[in-house]
Amino acid sequence: MTTWLDDIFVVKKPVIAMLHLSALPGDPGYDAEGGLDAVIARARQELHDLQAGGVDGVMFSNEFSLPYLTQTEPITAITMARIIGELRSEITVPFGVNVLWDGRASIDLAMATGARWVREIFTGVYASDFGLWNTNVGEVARHRARIGASGVKLLFNIVPESATYLAARDLESIAKTTVFATLPDALCVSGATAGAPTDTQSLSIVKRAAGNVPVFVNTGVRAENVGDQLSIADGAVVGTYFKRDGRFENAVDPARVITLMTAAREFRATLS
């Protein structure tokens, strides 16, 4: 079956690497002394390390903007646009963006930078570590149309990190109604936090319920399980495993990128 993934990526079951930007202006952890030059320098190095390791795509995210906002301040997306603009000529793989946790800002950033997709929480109401978390997918979809960004693909994270769905509904029914009523371009299935394993049973439930909509495994992919995860999912998003010692806060380790991507290619070779 052909999907929009085939129009963007040159391989089946792509592995998208997260490029976690350091804390940005306005964030509690921002390094004012190092400034944006330090943020851009780290992003540039990690971009080159990820691409050299063979990833199929990258996704820029303000991962270190902890604690996250569900409606971000303008400075966040503006700064991310500056960083991506600085690196744009060095990006050699398809790329997407994720402004945590703000779907509208993510779409704006994608439109401004030429990103091919965004990942966000677009549906549902949650009790989260960041407070009561509401969404309005209809408004976001109309905003995408108004600004001419209909070509930007929307990856819906339907099992958000650090949050619990408030309605008493099972995962299968959530996936089915999300696909029918809100028109996602893909669904993402996550563990509890960045780097936490994604339950394969949950992944299988969503995949069966999603029909023709691609499904990504969104957290916890490692070299030793990438084949098992991709045997179910249509693609993977990987961040923490690529870091030194597999620790979220560390910089990208080029050797770990090569190790996982080698395992991914070996699995994909069995599909042909």
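Higher on the page you've got the structure.
The following refers to the structure shown. The structure presented is a predicted model; accordingly, all values stated were derived computationally and were not measured.

1. Describing the packing of aromatic side chains
Here is step 1 of the chain: Taken as a whole and judged by the stated rule, the model has eleven aromatic pairs.
Here is step 2 of the chain: Aromatic side chains phenylalanine 60 and phenylalanine 95 sit 5.9 Å apart centroid to centroid with 85° between the ring planes, which places their arrangement in the edge-to-face category. A residue pair is termed long-range when its members are at least 10 positions apart, and phenylalanine 60 in strand β2 (residues 57-61) and phenylalanine 95 in strand β3 (residues 95-98) qualify at 35 residues. Residue phenylalanine 60 shares its accessibility class with phenylalanine 95, and that shared class is buried.
Here is step 3 of the chain: Within the aromatic cluster, the residues linked to one another by ring pairs are Tyr68, Trp101, Tyr126, Phe130, Trp133 and Tyr165.
Here is step 4 of the chain: Over the face of the ring belonging to phenylalanine 248 we find lysine 243, whose NZ or CZ atom lies 5.4 Å from the ring centre.
Here is step 5 of the chain: Its guanidinium or amino end placed over the ring of tyrosine 241, arginine 256 lies 4.2 Å from that ring's centre, counting from NZ or CZ.

2. Details of the nonpolar core
Here is step 1 of the chain: Membership of the largest hydrophobic core comes to 65 residues, with the highest contact counts inside it found for Leu50, Val58, Phe60, Leu187, Phe242 and Leu260.
Here is step 2 of the chain: Those residues in contact with phenylalanine 242, other than ones at most four positions away along the chain, are Val15, Ala17, Leu50, Val55, Ala251, Val252, Asp253, Arg256, Val257, Leu260 and Met261.
Here is step 3 of the chain: With 13 residues, the next largest nonpolar core counts Ile16, Trp117, Cys188 and Val237 among its residues.

3. Examining the sheet that holds strand β9 (residues 186-189)
Here is step 1 of the chain: A barrel is described by the order of its strands in space; here eight strands give the closed sequence β1-β2-β3-β4-β7-β9-β10-β11, paired in parallel fashion. Strand-to-strand twist in this sheet, taken as the mean axis angle between neighbours without regard to direction, amounts to 25°.
Here is step 2 of the chain: Bridge count between β2 and β3: four bridges; the pairing is parallel. Paired with valine 58 across the two strands is phenylalanine 95, which belongs to β3.
Here is step 3 of the chain: Set on the sheet, helix α2 (residues 35-52) makes contact with β1 (15-20) and β2; between it and β1 the angle comes to about 165°.

4. So, the packing of α2 against helix α3 (residues 74-87)
Here is step 1 of the chain: At a minimum axis distance of 10 Å, the contact between α2 and α3 shows a crossing angle of 50°. Between α2 and α3, the interaxial angle falls into the category oblique. The way α2 lies across α3 gives a crossing that is right-handed. Contacts between α2 and α3 involve Leu36, Val39, Ile40, Ala43, Arg44 and Leu47 from the first element and Thr79, Arg82, Ile83, Glu86 and Leu87 from the second.
Here is step 2 of the chain: Of the residues assigned to the contact of α2 with α3, the class counts are seven nonpolar, one polar and three charged.

Thresholds, definitions, all that
Residues numbered from 1 in each chain as written. Predicted model: local features only at pLDDT ≥ 70, side-chain atom pairs only at ≥ 80, totals over all residues. Heavy atoms only, no water. Phe/Tyr/Trp six-rings, centres within 6.5 Å; stacked < 30°, edge-to-face > 60°. Helix = DSSP H or I, 4+ residues; strand = E, 2+ residues; numbered from the N terminus. Buried < 20%, exposed > 50% of the residue type's maximum accessible area, 1.4 Å probe, protein only. Lys NZ or Arg CZ within 6 Å of the ring centre and 35° of its normal. Core = buried A, V, L, I, M, F, W, Y, C linked by side-chain atoms within 4.5 Å. Contact = heavy atoms within 4.5 Å. Pairing = 2+ DSSP bridges. Axes fitted to C-alpha atoms, helices over the stretch in contact; angles between N-to-C directions. Parallel < 35°, antiparallel > 145°, perpendicular 65-115°, else oblique. Left-handed = near helix turned anticlockwise from the far one by under 90°. Nonpolar A, V, L, I, M, F, W, Y, C, P; charged D, E, K, R; others polar.

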